[in-house]
Amino acid sequence: MADFSIGLALGANHPGKGSFPWHSVGLFKVWCIADVDLAMMLNRLIIHGDPVPENLVAYATQQWQRPSVQQWANKPRPTLSVL
């Protein structure tokens, strides 16, 4: 699964493109929620020790450091109860 996910992130589904298709801000010319979605998926792989290319680790780190993402991550949430 990790190889498939990383292949998609690297643009493997686009023949002839060998590098991650990001711009200075993220996946597209302006930041969008898809950047956080991809960064969260990559972070799950990184945290669990899957091999992730350094440029994708840097991308995930950059996205996670965004003030809006940190505000969301640090938002108080109700405690989950076990049924």
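Being a predicted model, the structure only gives us computed values, none of them experimental. (Residues numbered from 1 in each chain as written. Predicted model: local features only at pLDDT ≥ 70, side-chain atom pairs only at ≥ 80, totals over all residues. Heavy atoms only, no water.)

**Side note on the environment of Ile-46**
Residue placement: Ile-46 occurs in helix α2 (residues 33-47). Between the C-alpha atom of Ile-46 and that of Leu-56, which follows or precedes it by 10 residues, the distance is 9.6 Å. Setting aside residues no more than four positions away along its own chain, Ile-46 makes contact with Val-52, Val-57 and Ala-60. (Helix = DSSP H or I, 4+ residues; strand = E, 2+ residues; numbered from the N terminus. Contact = heavy atoms within 4.5 Å.)

**Digging into helix α3 (residues 54-64)**
Within α3, the full set of buried residues consists of Leu-56, Tyr-59, Ala-60 and Gln-63. Each buried residue of α3 sits inside an arc of 95° when the element is viewed along its axis, so together they form one side. (Buried < 20%, exposed > 50% of the residue type's maximum accessible area, 1.4 Å probe, protein only. Arc of directions from axis to C-beta.)

**Some remarks on the confidence of the model for the protein chain**
When pLDDT is low, close inspection of the predicted coordinates is not appropriate. Per-chain confidence: the protein chain averages 80 in pLDDT, with 71% of residues scoring 70 or above. Highest mean pLDDT in the protein chain belongs to α2 (93); lowest belongs to helix α1 (residues 2-9) (56). Within the model, the stretch residues 12-17 combines pLDDT values under 50 with five contacts to residues more than four positions away or in other chains. (pLDDT = per-residue confidence, 0-100.)

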